[in-house]
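The residues making up each chain are set out below.
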Amino acid sequence: QVRLVESGGGLVQAGGSLRLSCVASGLTFRTYAMGWFRQAPGKDRDFVASISSSGGSTNYAVSVKGRFTISRDNAKNTVYLQMNSLKPEDTAVYYCGRSGSYWYTQPINYDYWGQGTQVTVSS
């Protein structure tokens, strides 16, 4: 059984930083691409960033490019999302998911999800 557990969310002021982590179990982590998505109340789950199985390739939503960095440590079965220069519009529940390809940006292409971690950015 695949499990993904996110952590690292919290309340920060605009301009601040947070580092999210997602620890995976029940899968051969190094063989899967991983992605971060976010969902605000009443909105769809939107793509944030993704990373290839080896960590050699990444993809970002335009809204976060230059501010967020996705990375992974396959020895620790963990994917990270470093979030800098946070804005109030970044407020959402952040989810990690697994996929067969890092270039997928739609939730339908991610077959397992964590339960999410709340990120709140105050103005």
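As a reminder, the structure under discussion sits directly above these lines.
Report follows, based on the coordinates. (Residues numbered from 1 in each chain as written. Predicted model: local features only at pLDDT ≥ 70, side-chain atom pairs only at ≥ 80, totals over all residues. Heavy atoms only, no water.)

### As for the pairing of strand β5 (residues 46-51)
For step 1, the next point in the chain: Counting buried positions over the six residues of β5 gives five, a clear majority of the element.
For step 2, the next point in the chain: In this structure, strand β4 (residues 33-39) lies alongside β5, joined through five bridges in antiparallel fashion. Across the sheet, the residue bridging to G35 is S50, located in β5.
For step 3, the next point in the chain: Here β5 pairs with strand β6 (residues 58-60) via three bridges, running antiparallel. (Buried < 20%, exposed > 50% of the residue type's maximum accessible area, 1.4 Å probe, protein only. Helix = DSSP H or I, 4+ residues; strand = E, 2+ residues; numbered from the N terminus. Pairing = 2+ DSSP bridges.)

### Things to note about the sheet that holds strand β8 (residues 78-83)
For step 1, the next point in the chain: Sheet architecture is open: four strands sit in the order β1-β3-β8-β7, paired in antiparallel fashion. A single partner strand is all that each edge strand has here, and the edge strands are β1 (3-7) and β7 (68-73). Across the sheet, the mean angle separating the axes of adjacent strands is 15 degrees when strand polarity is ignored. (Axes fitted to C-alpha atoms, helices over the stretch in contact; angles between N-to-C directions.)

### A closer look at the side chain of S21
For step 1, the next point in the chain: As for its position among the elements, S21 is in strand β3 (residues 18-25).
For step 2, the next point in the chain: Note on S21: relative accessible area 14%, which makes it buried.
For step 3, the next point in the chain: Look past the residues within four positions of S21 in its chain and what remains in contact with it is V5, E6, S7, W36, T78, V79 and Y80. (Contact = heavy atoms within 4.5 Å.)

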